[in-house]
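# Residue-level structure breakdown
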Amino acid sequence: MDFDGYRCDGFYDEMFLTDGEPRPEARALVDRIRGMAPGELIRRHEDAERALLRAGITFTVYGDDAGTERIFPFDIIPRIVPAPEWDRIERGLRQRITALNLFIDDVYHEQRIVRDGVIPADVIYSSQGFRPQCVGLSPPRNVWCHVTGTDLVRDGDGTVYVLEDNLRCPSGVSYVLENRAVMMQTFPRVFEGLQVQSVADYPSRLLRTLEDVAPEGITRPSVAVLTPGPGNSAYFEHSFLARQMGVELVEGQDLVVSGGRLQMRTTKGLEQVDVVYRRIDDDFLDPEWFRPESLLGVRGLMDVYSRGHVTLVNAPGTGVADDKVVYAYVPEMIRFYLSEEPILPNVPTYLCWRPDDLRYVLDHLDQLVVKAANESGGYGMLVGPHATVAERQDFAVRIAAKPRNYIAQPTLALSRVPTRIGDHFEGRHVDLRPYILYGRDIYVLPGGLTRVALRQGSLVVNSSQGGGSKDTWVLG
Amino acid sequence: MLSRVANSVYWMSRYIERAENVARMVGVNLQLAIDMPRHGEEQWAPMVKVTGNDADFEARYPGPDRDPVLWFLTFDAQNPDSILACVTRARENARTVREIISSEMWEEINRLYLYVHAPEAPAEAAASPFTFYQEVKRRSHLIEGTKNETMPHSDAWHFSRMGRFLERADQSTRILDVKYFLLLPSVDEVGRPLDDLQWSAVLRSISALEAYRKVYGQILARNIIEYLLFDRDFPRAVHRCLTATQESLHTLTGTPMRRFRNESERALGRLVADLDYTRVDDVLNEGLHEFLDRLQQRINEVGDDVQKTFFSIPP
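Residues numbered from 1 in each chain as written. Chains lettered and ligands numbered in written order. Predicted model: local features only at pLDDT ≥ 70, side-chain atom pairs only at ≥ 80, totals over all residues. Heavy atoms only, no water.

### Side note on the overall build of chain A
Where we set the bar: Helix numbers and strand numbers start at the N terminus; a helix is a DSSP run of H or I with at least 4 residues, a strand a run of E with at least 2. Contacts are assigned to residue pairs with any non-hydrogen atoms lying within 4.5 Å of each other. Only four residue types enter the charge count, namely Lys and Arg as positive and Asp and Glu as negative; His and the chain termini do not. By convention, the point assigned to a charge is CZ for Arg, NZ for Lys, CD for Glu and CG for Asp.
The secondary structure content of chain A amounts to 14 helices and 25 strands. Along the three orthogonal principal directions, the C-alpha set of chain A runs to about 70 × 60 × 45 Å. A sequence separation of at least 24 residues applies to 68% of the contacts in chain A between residues at least 6 apart. Positive and negative charge centroids in chain A, built from 52 and 66 side chains respectively, lie 2 Å apart.

### Side note on the overall build of chain B
Test applied: The quantity called the radius of gyration is restricted to C-alpha atoms. Its globule counterpart is 2.2 Å times the number of residues to the power 0.38. Each accessible area value is a Shrake-Rupley result obtained with a 1.4 Å probe; residue values ignore everything except the protein chains displayed when judging cover.
If you tally the helices and strands in chain B, you get 16 helices and 0 strands. For 315 residues, the compact-globule estimate of 2.2 N^0.38 gives 20 Å, and chain B sits close to it at 19 Å. Here the C-alpha coordinates of chain B stretch approximately 60 × 50 × 40 Å along the principal axes. Counting contacts in chain B only where the partners sit at least 6 residues apart, residues at least 24 apart contribute 65% of the total. Summed over all atoms, the accessible surface of chain B reaches about 13400 Å², with 51% contributed by carbon and sulfur. Charge-centre separation for chain B: the mean point of 39 positive side chains lies 4 Å from the mean point of 47 negative side chains.

### Observations regarding the interface of chain A and chain B
What counts is decided by this rule: Buried area adds together the accessible area that both of two parts lose upon being put together, with accessible area traced by a 1.4 Å probe. Any carboxyl oxygen of Asp or Glu within 4 Å of a side-chain nitrogen of Lys or Arg constitutes a salt bridge here. In protein, a polar contact means a hydrogen-donor-capable atom and an acceptor-capable atom, both N or O and within 3.5 Å, with residues adjacent in sequence counting only if both atoms are side-chain atoms; elsewhere, any N or O pair within 3.5 Å suffices. The nonpolar class holds Ala, Val, Leu, Ile, Met, Phe, Trp, Tyr, Cys and Pro. Asp, Glu, Lys and Arg form the charged class, and all remaining residues, Gly among them, are polar.
Across the boundary between the two partners, chain A contributes 23 residues, which contact 27 residues of chain B. Interface area, chain A with chain B, both sides summed: about 2300 Å², of which 46% is carbon and sulfur. Summed over the shared surface of chain A and chain B, the number is 4 salt bridges. Note that Asp 254 of chain A is salt-bridged to Arg 4 of chain B, the shortest N-O span being 2.5 Å. Taken together, chain A and chain B are joined by 17 residue pairs in polar contact (both at pLDDT 80 or more). Of all the elements in the fold, those that place two or more residues in the side of chain A that touches chain B are helix 2 (40–54), helix 9 (235–245), strand 10 (248–250) and strand 12 (261–266) of chain A. For the side of chain A that touches chain B, the leading source of residues is helix 9 of chain A, giving 5 residues. Tallied by class, residues from the side of chain A that touches chain B come to 10 nonpolar, 5 polar and 8 charged.

### A word on the side chain of Asp 357 of chain A
Residue and element names in this part refer to chain A. Applicable threshold: Burial classes: relative accessible area under 20% of the type maximum marks a residue as buried, over 50% as exposed, and values in between as partly exposed (1.4 Å probe, protein chains only).
Mapped onto the elements of the fold, Asp 357 is located in helix 13 (residues 355–363). On the basis of relative accessibility, which here comes to 13%, the residue Asp 357 falls in the buried class. Sequence-distant contacts of Asp 357, that is, excluding residues within four places in its chain, are made with Thr 349, Tyr 350 and Leu 351.

### With respect to the pairing of strand 12 of chain A
All names here are of chain A. As a reminder, the rule being used: For two strands to be treated as a pair, DSSP must find at least two bridges joining them.
The element strand 12 is extensively covered by neighbouring structure, given that 5 of its 6 residues are classed as buried. Two strands pair when backbone bridges link them, and strand 11 (residues 255–258) and strand 12 are joined in this way by 4 bridges, in the antiparallel orientation. Each bridged residue has a counterpart across the sheet, and for Val 256 the counterpart in strand 12 is Gln 263. Bridge count between strand 12 and strand 13 (residues 269–272): 4 bridges; the pairing is antiparallel. Bridge pairing in strand 13 places Arg 265 opposite Leu 270. The loop that links strand 12 with its antiparallel partner strand 13 comprises 2 residues.

### Regarding unusual backbone geometry
As a rule of thumb, non-glycine residues mostly have phi less than zero, and peptide bonds are mostly trans rather than cis. Of note, the bond from Val 313 of chain A into Asn 314 of chain A is cis; its omega dihedral lies within 30 degrees of zero at -10°. Relative to the helices and strands, Asn 314 of chain A resides in the loop between strand 15 (311–313) and helix 11 (324–327). Located in the positive-phi region is Arg 258 of chain B, a residue other than glycine, with phi close to 70°. Mapped onto the elements, Arg 258 of chain B comes out in the loop between helix 13 (238–253) and helix 14 (263–276). Under the relative-accessibility criterion, Arg 258 of chain B is labelled exposed at 85%.

### Considering the sheet that holds strand 11 of chain A
Residues and elements named next belong to chain A. Short version of the rule: Fitting a line to C-alpha atoms yields each axis, with helices limited to the stretch in contact; the angle taken between N-to-C directions then spans 0 to 180 degrees.
Read from one edge of the open sheet, 3 strands run 11-12-13, paired in antiparallel fashion. The open sheet has two free edges, formed respectively by strand 11 and strand 13, since each of these has just one partner strand. Strand-to-strand twist of the sheet, defined as the mean angle between neighbouring strand axes without regard to direction, takes the value 45°.

### Description of the side chain of Ser 140 of chain B
Residues and elements named next belong to chain B. Relative to the helices and strands, Ser 140 is located in helix 8 (residues 129–150). For Ser 140, a relative accessible area of 1% gives the class buried. Reaching out from Ser 140, the side chain makes a polar contact with the side chain of Glu 20 at a distance of 2.5 Å. Residue contacts for Ser 140: discarding those within four places in its chain leaves Ile 16, Glu 20 and Arg 164.

### With respect to the packing of helix 9 (residues 155–181) of chain B against helix 13 of chain B
Residues and elements named next belong to chain B. Counted only if it meets this: Angular relationships are summarised with four words: roughly parallel below 35 degrees, roughly antiparallel beyond 145, roughly perpendicular across 65 to 115, and oblique for the angles in between. Should the near helix be turned anticlockwise from the far one by less than a right angle, the crossing is left-handed, and should it be turned clockwise, the crossing is right-handed.
Between helix 9 and helix 13, the shortest axis-to-axis distance is 8 Å and the interhelical angle comes to 155°. In this view, helix 9 runs roughly antiparallel relative to helix 13, as classed from their interaxial angle. Two packed elements cross with a definite hand, and for helix 9 against helix 13 that hand is left-handed. The segment helix 9 lies against helix 13, with Asp 155, His 158, Phe 159, Arg 161, Met 162, Phe 165, Leu 166, Arg 168, Ala 169, Ser 172 and Thr 173 engaging Val 238, Arg 240, Cys 241, Leu 242, Ala 244, Thr 245, Glu 247, Ser 248, Leu 249, Thr 251 and Leu 252. For the contact of helix 9 with helix 13, a count of residues per class yields 11 nonpolar, 6 polar and 5 charged.

### Examining the nonpolar core
Filter applied, for reference: Nonpolar cores were defined as sets of buried Ala, Val, Leu, Ile, Met, Phe, Trp, Tyr and Cys residues, with membership established by side-chain atoms within 4.5 Å. Each domain's extent was defined by an automatic or database domain assignment.
Of all hydrophobic cores here, the largest spans 177 residues; its most connected members are Phe 103 and Met 333 of chain A together with Leu 229 and Leu 242 of chain B. For this core, the element with the most residues is helix 1 (residues 3–35) of chain B, which contributes 15 residues. Shared between two domains, this core takes at least three residues from each, and those domains are domain 1 (216–309) and domain 2 (350–410) of chain A. Setting aside chain neighbours within four positions, we find Phe 103 of chain A in contact with Ile 113, Ile 119, Ile 124, Val 320, Ala 321, Val 326, Met 333 and Tyr 337 of chain A. Of all hydrophobic cores here, the second largest spans 63 residues; its members include Leu 177, Met 183, Tyr 202 and Ala 242 of chain A.

Next up, the structure:
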């Protein structure tokens, strides 16, 4: 397989400057692929997929046959990010997370940003992630968003935008680590001399982050990962992270509040837990504070939390900043809290609750991407140019009924990366989700999850909607 | 360790052991079909009978012929003790404790799961049954070996070992019981070549033929029963299975041997002591089938006690 017939088709291509001419950072890789024996690439790709299946690196598809497991389709051509570009992305992410964390802390305390008229109070209170119960709480080190998975996209002119912030337990980092491991097993020689930055120490970094935010006075904190259970789509990741960190993976039924502390039931009685990396939503944490019918969480957990005897990661209430209307204000937050200009821009966003924006959105539905303000995972989304007239009409009705629930953005010409389709390469659209840890300080994992829309022309990269993934190489 | 996790590790191992033993049980008949091709009908009904699922089988299948019985024991997802069902449940349990077992062990369990779930598996099993059931056994051993070589020999490992040996004790009694149900063409055949062939098939399917020969030499029903029930060293003999269970149980609790601090230790200790002082003549006097029945019940009781001692901690 080679790239002779490969066409950029006018899109920004992450690997080629123009047809047949690789970007400087990709030249070495392109040469190695060209030098492979016929059939070798396909054979190795199949090896890689078999390895993923045998290792049971799968996710569960909702709305499909109950409990169907699939491997997350994996493409062997990596996405390459040159060092100077990564440096800028990393600085931009640090800046953004710092501002977002200050914002969340402000929301639950003085709300200076509202009093100074930067964000309307209404926007905050109507965000689905806002938790009035958390007003006045101060998590250790005042860190709320310990683990973030920011979605970045590149438009046709090469600009990298922030698409979403994903402050509520973003998933996918296990695929970053497993994809790399599989790549190194199947293509060991390809890595030689390329100085690809390692992602392998993410679990240690995560563990250190969790230990850094333990309740005050706890010197050797006991850490646990809280999962909704094996039926959850990201269960593989929950157990993967617990195993890699060497901590317990617990379900709600394993935990109980006793003596004012959070405890787990072991074969030798109760044992205290100090830090919980919880992979369940706020709503399910504690039936006394949130949804009374929840069976996933632990009765009394939030009392222990509010008294500072256990740390929850990410902090309950963090989701207030995940709302897509709040997102539109992040550049303002950066200016307000840090007195800096944003390094990474937002995608221009129309807020449907503003009458002018609403009118524009309804008039231009065939050009815009419309998203529900509180949904994630590619659900509740309309890609205007690809939608049918009926779909657009359906969305117009929904938007008009609840303007606060919708935002719209121009349809970006997402950048592409060559992707193996059968016996040749074709360009497919990608995004990039780097992972950021915030404990004592901020750490950005060099790389992240490159998701790829495997269907020709599709812009939807979510695994639940026919997306796959690629390894991401940040060059050192 | 977490009670839920201990429970999953324990059952994961029980189910893998159960799947392996179904393959062994089927092996008795496959062996006989080769050894005595001209000796009348193959008998498949006993295979179903000893699993205790004969009522379910009779309700859903036309009759105990080779193909339906093999399907029922191997691929019938509705039969809770079929190889497919056991492997599926073992993997479900393994999936909930992936952070406890090693990646290598998980991968072996997953590979066994993929092997029996492969679309071509039923055709393969029908075309070359020997290879298929052999492969199930081999992969079960691979899981066990990988576990021993990659998992710390601490609590989780002992729970797994306890599950594995307790299940095996039960299954060995069932395979021994197959012989009781295997009919002989006439009474005169007892103690004759055909009878010997059946006993050798039992020994072989339990991987005990060579080990037995080293101790006793000739095939003799009485000796075989003695060996498979009371041998102190053979890893599939009931006595050895129970003492191995006991070793892990007492390591977990720290209770000295021959003492007890909970019901599991007491019930198991008593059972082992009974077997310590039972002679094969006692078994024959009571009747092999009756003895095995009683033994299975007591093994079950130990299982219930283990469940209560470790896994059902009141909220």
